[in-house]
Amino acid sequence: MSKAAPLKLTVSAVLILVTAALPAAAQPAASGCGSFLQASYPKASISNGKVDAVLYLPDAKNGYYRASRFDWSGVIPCLAFQGHTYFGIWFSHYDPMVADAIAGPVEEFRSDDGALDYGQAKPGQLFVKLGVGVLRKADDSPYKFMYTYPLVDGGKWTVHASRRAVSFRQRLQSPIGIAYDYEKTVSLDPHEPVLTLHHSLKNTGTKTIDTQVYDHDFFMLDGAPSGPEMVIRFPFAPQAEKPLEPLAGIDGKQIVYHDELQQGQYVESYLTGYSDKPADYDIVVEDTKTGVGVEQTGDNPLSRFNFWSPRTTICPEAYHHLVIAPGKTAHWDIHYRFFAKATQ
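Bear in mind the structure is a predicted one, so any value in this text is a computation, not a measurement.

Calculation notes
- Residue positions within a chain follow its written sequence, with the count starting from 1.
- Reporting in this predicted model follows two pLDDT cut-offs: at least 70 for local features of residues, and 80 or more for side-chain atom pairs to be given and counted; totals over whole chains, interfaces and linings ignore these cut-offs and use all residues.
- Side-chain calculation: all heavy atoms of the structure are included, whereas hydrogens and water are not.
- Numbering goes from the N terminus for both helices and strands, where a helix is a DSSP run of H or I of at least four residues and a strand is a run of E of at least two.
- For the radius of gyration, the atom set is restricted to C-alpha positions; the globular benchmark scales as 2.2 Å times the number of residues to the power 0.38.
- For every residue, the accessible area (1.4 Å probe, protein chains only) is compared with the maximum for its type, and the residue is labelled buried under 20%, exposed over 50%, or partly exposed between those bounds.
- Between two residues, a contact is recorded if the distance between any of their heavy atoms is within 4.5 Å.
- Areas reported as accessible are Shrake-Rupley estimates using a 1.4 Å probe. Residue values count occlusion only from the protein chains shown.
- Lys and Arg are tallied as positive, Asp and Glu as negative. Neither His nor the chain termini are counted.
- Charge positions come from single atoms, namely NZ of Lys, CZ of Arg, CG of Asp or CD of Glu.
- One speaks of a salt bridge when a side-chain nitrogen belonging to Lys or Arg is within 4 Å of a carboxyl oxygen belonging to Asp or Glu.
- Polar contact is the term for a pair of N or O atoms within 3.5 Å; when the atoms are in protein, one must be able to donate a hydrogen and the other to accept it, and sequence-neighboring residues count only if both atoms are side-chain atoms.
- Among buried residues, those of type Ala, Val, Leu, Ile, Met, Phe, Trp, Tyr and Cys that are joined through side-chain atoms within 4.5 Å constitute a nonpolar core.
- Between any two strands, pairing holds if DSSP finds at least two bridges.
- Confidence of the predictor at the level of single residues is given by pLDDT, which spans 0 to 100.
- In this description, the term disulfide denotes a pair of cysteine sulfurs within 2.5 Å.

Draft legend 1. Region of the structure containing the overall build of the protein chain. Secondary structure assignment for the protein chain yields one helix and 24 strands. For the protein chain, whose C-alpha radius of gyration is 20 Å, the value lies close to the compact-globule estimate of 20 Å for 344 residues. Over its C-alpha atoms, taken along the principal directions, the protein chain stretches across nearly 55 × 55 × 35 Å. Residue burial in the protein chain is summarised as follows: out of 344 residues, 54% are buried. Residue pairs in contact within the protein chain that sit at least 24 positions apart in sequence constitute 64% of those at least 6 positions apart. Counting every atom, the protein chain has about 14,100 Å² of accessible surface; 52% of that belongs to carbon and sulfur. Between the centroid of the 31 positive side chains of the protein chain and the centroid of its 37 negative side chains there is a distance of 8 Å.

Draft legend 2. Focus on unusual backbone geometry. That bond from Glu 245 to Pro 246 is cis: its omega, 10 degrees, falls within 30 degrees of zero. Tracing the sequence through the fold places Pro 246 in the loop between strand E16 (239–240) and strand E17 (248–251). A positive phi angle is found at Gln 82, which is not glycine, with a value near 50 degrees. Checked against the element boundaries, Gln 82 lands in the loop between strand E4 (75–81) and strand E5 (84–87). When its relative accessible area of 43% is taken as the criterion, Gln 82 is described as partly exposed. Positioned with a positive phi, Asp 117 is a non-glycine residue whose angle comes to about 70 degrees. Mapped onto the secondary structure, Asp 117 falls in the loop between strand E6 (107–110) and strand E7 (126–129).

Draft legend 3. Just the pattern of salt bridges, in detail. According to the stated counting rule, one finds eleven salt bridges in the structure shown. For Glu 286, the salt bridge is made with Arg 233, and the minimal N-O distance between the two is 2.7 Å. With Glu 286 in strand E20 (residues 282–287) and Arg 233 in strand E15 (residues 230–233), the pair connects residues that are 53 residues apart, well separated along the chain. When salt bridges that share partners are traced, they join Arg 69, Glu 108, Arg 110 and Lys 129 into one network.

Draft legend 4. Just the side chain of Ser 47, in detail. Looking at the secondary structure, you find Ser 47 in strand E2 (residues 43–47). In this structure Ser 47 comes out as buried when scored by relative accessible area, which is 4%. At a separation of 3.4 Å, a polar atom in the side chain of Ser 47 contacts the main-chain carbonyl oxygen of Val 51. For Ser 47, the side chain forms a polar contact with the side chain of Asp 52, separated by 2.6 Å.

Draft legend 5. Layout of the nonpolar core. Ranked by size, the top nonpolar core spans 80 residues in total, and within it Leu 79, Tyr 86, Val 166, Leu 195, Ile 232 and Phe 338 carry the most contacts. Tallying contributions element by element places E4 first for this core, with six residues. Every residue in contact with Leu 195, bar those within four places of it in the chain, is listed here: Ile 46, Ile 76, Leu 79, Val 186, Ser 187, Leu 188, Ile 334, His 335, Tyr 336 and Phe 338. Core analysis: the next-biggest nonpolar cluster, separate from the first, contains 17 residues, Leu 116, Tyr 180, Val 213 and Ile 324 among them.

Draft legend 6. Main features of the sheet that holds strand E14 (residues 209–215). In space, the six strands of this open sheet follow the order E6-E14-E23-E22-E19-E16, with antiparallel pairing throughout. Lying at the two open borders of the sheet, with one neighbouring strand each, are E6 and E16. As judged from the two bridges shared by E16 and strand E19 (residues 266–272), these two strands associate in the antiparallel manner. Across the sheet, Gln 239 pairs through a bridge with Thr 272, a residue of E19.

Draft legend 7. Main features of the confidence of the model for the protein chain. A residue-level look at the protein chain finds 90% of positions with pLDDT of 70 or above and a mean pLDDT of 91. Here residues 1–31 is a poorly scored stretch, pLDDT under 50, and it has 70 contacts once near neighbours within four places are set aside; other chains count.

Draft legend 8. Layout of the state of the cysteines. For the coordinates displayed, the defined rule picks out one disulfide. Disulfide pairing places Cys 33 opposite Cys 78 at an S-S distance of 2.1 Å. Judged by the torsion about the S-S bond (-80 degrees), the Cys 33/Cys 78 disulfide is left-handed. With Cys 33 in the loop between helix H1 (18–21) and E2 and Cys 78 in strand E4, this residue pair connects regions lying 45 residues apart in the sequence. Across this residue pair, the class does not change: Cys 33 and Cys 78 are buried.

Draft legend 9. Expanded view of the environment of Gly 293. In this fold, Gly 293 is placed in strand E21 (residues 292–298). Gly 293 sits 44 residues away from Arg 337 along the chain, and the two C-alpha atoms are 8.5 Å apart. In this view, Gly 293 contacts Tyr 86, Leu 221, Val 285, Glu 286, Arg 337, Phe 338 and Phe 339; residues no more than four positions away in its chain are not counted.

Spelled out as structure tokens, the structure:
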């Protein structure tokens, strides 16, 4: 088969054809992520010959994720490198309308009142969740991130898929002055075990976009449980706003587990101690028994940091703050370097 040109598709049920249309070399190996290619959800796969990954694509009718919490683009249920996997299905109950039934390095945009214009909207009126669309407010209660709000308008999603990258674009116009053109490209380095999320968000509306955005990550290193063999390292000495003990704790510049977490147990706290320099956005999660791990870096200063970890996943949630005036565009990148004992 000759080298395929990038595909350009408008999000609909036709996206199920993306995986079949990509070159055979771009299909993940069966020993890594191949089973996820059998799923019926709209999907694509990418590979650089070292790293294989499967992505589930945004689709309001047939998509894997259709809730209102997370950005619909960049869902990665599996990524494999040197026989190891780094993301996976961390939850036991799946429903496309459940807020956290999602996997991989997915992102949430969260403003001070939960979502854009949520605080000033009355019950039944509209607000906007970036990466999702125009939503309808249910009642007078504060924003609930685990609640799935009715989707009124998801804007227009388009997807381009090629051998090493999938790019997403969502264009949204709302009747409340909030409009944007959002692009995200998930790409693999040509030679190295590195995945990059490149973002561009243009404010095409009349109101300033003021929001935090963070990557939830949902790391799963070979599906190993959160426990004493896992470590999370930072370039700064983190301080927990609430105790991580007795299940975990802080040892210098790292978070360690004192016990293997059991079903129903979790560790969570906001962290402080970072500076206003982008260099502090450098997080390593490693299984010290196997040497399998991932280093996550960003090009913006941290504005907030939450750590959450049940038994099945480790989530260092690094935030940064976006303030985008009408007509302006923000750009940011997040990089993931995957490693295994044989590469160290």
